[in-house]
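Structural features, examined
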Amino acid sequence: MNLRVLLLLSLFFSLFQEASSQSRTILELSDGWKFQKGKSENAFQKDFNDSRWETVSVPHDWAIYGPFDKEIDKQEIAIEQNGEKVATEKTGRTGALPYIGEAWYRKDFKLPQLDGNKKVLIVFEGAMSQPQVYINSEKAGSWNYGYSYFYFDITDYVSADKENNLAVQLSNVGESSRWYPGAGLYRKVRIIVKNKENFNQWGTFITTPFISSEMAKVNIKAKVSGENLKLKTKILDADGNEVASGEASTLFGNEFEQNIAVDNPNLWSPETPYLYTAVSQLYSGNELKDEKQTRFGIREVKYEAGKGFSLNGKVRKFKGVCLHHDLGPLGTAVNKTALRRQLRILKDMGADAVRSAHNMPSMEQLELCDEMGLMFIAESFDEWAKPKVKNGYNRFFETDAEKDVVNLVRATRNHPSIVMWSSGNEVPDQWGSEGVKRAKWLQDIFHREDPTRPVTVGMDQVQNTMESGFGALLDIPGLNYRLHLYEEAYEKFPQGFILGSETASTVSSRGIYKFPVEKAAMKQYDDRQSSSYDMEYCSWSNLPDDDFVLQDDKDWVIGEFVWTGFDYLGEPTPYDGMWPSRSSYFGINDLAGLPKDRFYLYRSRWNTEDETLHILPHWNWKGREGETTPVFVYTSYDSAELFLNGKSLGVQKKNDSTPQNRYRLMWMDVKYEPGTLKVIAFDKDGNPAAEKEMKTSGAPHQLVLDADRTTIKANGKDLSFVTVSVVDKNGIPCPTATNQLKFDVKGKGKFRAVCNGDATSLEPFHLPTMKLFSGKLVVIVQSSSEAGKIELSVKGKGLKSAEIVLKSVSEDE
């Protein structure tokens, strides 16, 4: 198969969810951890006294609690990928949060009855960083890469007849990241107890070499430990009905292989994310030795020269976003509810794909993408052997890259959402022959571990990669920005298509507008904000509309991944050196998850099912009376008429005169006067189809609360995100309000965090007070383990307070 020209990925992908059974037990180590920041020479010892340490739950990010500090990880550096030649002081680049330093986690645990036939593994899904793992005072292993999944066999270190102790030492150094990396055991830690005759960890790989509307041929390869074994597999549909089964008794080395036919398969896609379940059982004679359940989807993916990308036989283009791994005010500690909220917002925008920038994704994120229907590029590294930051992954590349890639692929290759691997992002190794060799070496590892998916690299040094052969050897040539080189790259690269692996990098602050309205690169203002007219970008980047033109007009451009879906902590371009900026301005949604105006620009093009009609800016401009205040409308309709206080300001139609006129409706000469803006959109026949109004508000008067979910699970982890806004006496939103608010939670839940989306705010997320930013903020309420009523009350000086009642219910309700 020629991967450069045609890549056929007919896969029966799976989500590995091991369920406890009589043959294996899985212990998730979540509650009751002891934590201490700082050095501790004897903390690895089992009998160490940690009674005065803080008690925490894992996943845990120790740095998110702050405080923000300008001096933390202050870097004197020239950011080469931004085109900088002279080193300058960079503050807030890694979020200005205290991630640097050493810390310890300790946890006591008991195991079920062990006998001589048991095997015990400990699995870490992410530990930031360089974990040293001790079991009962003995070192069980270590790892370097903070984003990698890894496991150790701890059978020889544990005991069943007494309590065991786990101690983990973590160490983070400065100048090791370009964004906020977080700190701690920020993903799950599990212990797996199974028989010595078992399915190997991450040893199962399921593909379909043939798919038709009548039948999918399912190929299952399962690596096992033990001899004289038999594998039985049954496949269940989404309703739990058995639709196919198979049995194998011949081992090839240590691997079983099965071929099972599924009749009339339901195919997985973003529109119909259908998932089956495979139940696999390992027998020795008639004795069940191991069992696992595997959710999976069936779908066919192709990348073809002259045709582009297709899913299940239908040509389409990626409508994707890049996401960093932090969850805003929650930090990097993974939370499935918070991830689900992000993906739900993206799906409403019309997005159908995610790129994990620039590291291994969490298992929870992949599970949700499988369930909700989002395609995925799973990325591995931001650095290879050549550094971007002094203490980055370059320290470990030569010794660790292969095992990190192997673990990424084996742990996640059965997810139907993953349609492509990425071996790197804007790596300095794009220059020179050594970089070409490294690109090939990594791609070969991906192909060896998974011959069904292509590999890309996000390339920013495109001119060089055209000359060196770097881009030509990749399965998928990914271009980060460099729109002016798309045509040349398409002509020179042999693959026959181009992926916009990273696009736009437009910057904006929610609800903030600057005048005059004009296109500008690296524009800076005294308030450290960027204009939400969506006309400002970076020295290396562009506006969304510029990408839209290529996506719509060039069949050989197979889609884009916008930088970024949500704001993230760190990398506050264009204010990298201007305190107190400490988080990004790139997001389509802000750090609190509230949509910026740009959300509606993308939605108007991407969401083809629902109507979009959005007006900007807000209409509270005291002091600008009579001054030019342009009005933009982002809409799925092609034309609209604008009215100010009942007077028509004319009809605008989308046209091809500029990229902005093609995708936006713009009234550039509006003179501000308070009152009511109204827009009426017209359908293709010129008939009124939708309308929207925006009114000038009076003084802030009353708080309004709106929860994304009013019923949550009583599991101690579930969350409700409550948007807090303020209105005047007539109920009109106050878009410029900055009132200081206080929050109180009573009942069967607790206040978890708060965020207003202001990239310059130094208020801590975990304290129950914060200012509104552009009239809004989001309070996060967390359930307890008891079901019942949860009450959130919000107060602000001079404002009518508000309260909302949430309900937490048991997991089985």
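This text follows the structure it describes.
Keep in mind that what you see is a predicted model, and the values were worked out from it rather than measured.

Description of the nonpolar core
L166, L185, Y303, F318 and F743 are the most contacted members of the largest nonpolar core, which has 213 residues in total. Broken down by element, the residue count for this core peaks at seven residues, all from helix α3 (residues 397-412). Of all hydrophobic cores here, the second largest spans 13 residues; its members include I220, I260, V262 and F296.

Comments concerning the sheet that holds strand β41 (residues 711-713)
The strand order across the open sheet formed by five strands is β41-β48-β47-β43-β45, and the pairing between neighbours is mixed. Sheet topology places β41 and β45 (769-771) at the edges, where each strand pairs with a single neighbour. Averaged over all pairs of adjacent strands, the angle between their axes in this sheet comes to 30°, without regard to strand direction. Bridging between strand β43 (residues 740-747) and β45 involves three bridges; their strand directions are antiparallel.

Details of the packing of aromatic side chains
In this structure the tally under the stated criterion is 45 aromatic pairs. Relative to Y105, the ring of F35 lies with its centre 4.8 Å away and its plane at 45°, an arrangement referred to as tilted. In this pair, F35 sits in strand β3 (residues 33-37) while Y105 sits in strand β7 (residues 101-109), placing the two residues 70 residues apart along the sequence. There is no split in this pair, since F35 and Y105 are both buried. Judged by centre distance (6.5 Å) and plane angle (80°), the ring pair of F381 and F397 falls under edge-to-face. Of this pair, F381 sits in the loop between β25 (375-379) and α3 while F397 is found in helix α3, placing the two residues 16 residues apart along the sequence. Given the relative accessible area of 0%, F381 is considered buried. Taken together, the ring pairs in this structure connect Y145, Y147, F381, W384, Y393, F396, F397, W441 and F470 into an aromatic cluster. The ring of F205 has R413 lying over it, and the distance from NZ or CZ to the ring centre is 4.5 Å. Taking the ring centre of Y525 as reference, the NZ or CZ of K514 above it sits at 4.9 Å.

Regarding the packing of helix α1 (residues 336-349) against helix α2 (residues 363-372)
Where α1 meets α2, the axes come as close as 10 Å, and the angle between the chain directions of the two elements is 40°. As judged from the angle between their axes, α1 and α2 are oblique. The two elements α1 and α2 cross, and the hand of that crossing is right-handed. Across the interface between the two elements, K336, L339, R340, L343, R344 and K347 of α1 pack against E364, Q365, E367, L368, C369, E371 and M372 of α2. When grouped by side-chain class, the residues that make up the contact of α1 with α2 number five nonpolar, one polar and seven charged.

Thoughts on the side chain of E449
Assignment of secondary structure puts E449 in helix α4 (residues 433-449). With relative accessibility at 8%, the residue E449 sits in the buried group. For E449, the residues in contact, after removing those within four places along its chain, are F205, V406, V409, R410 and R413.

Description of the pattern of salt bridges
If you walk through the whole model with that rule in mind, you get 48 salt bridges. Across the salt bridge formed by E71 and K74, the nearest N and O atoms sit 2.9 Å from each other. On the basis of relative accessibility, which here comes to 49%, the residue E71 falls in the partly exposed class. When the shortest N-O distance is used, the salt bridge between K437 and E434 registers 3.6 Å. Taken together, the residues K437 and E434, both in helix α4 and three residues apart, mark about one turn of the helix. Through salt bridges with shared partners, a single network forms among E28, K188, E364 and K717.

So, unusual backbone geometry
Note that the residue after T573, namely P574, is joined by a cis bond; omega there is 10°. For the bond running from W579 to P580, omega is 15°, close enough to zero to count as cis. Mapped onto the elements of the fold, P580 is located in the loop between β32 (557-563) and α9 (597-606). Backbone geometry places R482, a non-glycine residue, at a positive phi of 55°. Within the secondary structure, R482 is located in the loop between β28 (476-480) and α7 (486-492). Its relative accessible area of 17% is what places R482 among the buried residues. Phi is positive for S505, close to 50°, though the residue is something other than glycine.

Thresholds, definitions, all that
- Residues numbered from 1 in each chain as written.
- Predicted model: local features only at pLDDT ≥ 70, side-chain atom pairs only at ≥ 80, totals over all residues.
- Heavy atoms only, no water.
- Core = buried A, V, L, I, M, F, W, Y, C linked by side-chain atoms within 4.5 Å.
- Buried < 20%, exposed > 50% of the residue type's maximum accessible area, 1.4 Å probe, protein only.
- Helix = DSSP H or I, 4+ residues; strand = E, 2+ residues; numbered from the N terminus.
- Pairing = 2+ DSSP bridges.
- Axes fitted to C-alpha atoms, helices over the stretch in contact; angles between N-to-C directions.
- Phe/Tyr/Trp six-rings, centres within 6.5 Å; stacked < 30°, edge-to-face > 60°.
- Lys NZ or Arg CZ within 6 Å of the ring centre and 35° of its normal.
- Parallel < 35°, antiparallel > 145°, perpendicular 65-115°, else oblique.
- Left-handed = near helix turned anticlockwise from the far one by under 90°.
- Contact = heavy atoms within 4.5 Å.
- Nonpolar A, V, L, I, M, F, W, Y, C, P; charged D, E, K, R; others polar.
- Salt bridge = Lys/Arg side-chain N within 4 Å of Asp/Glu carboxyl O.

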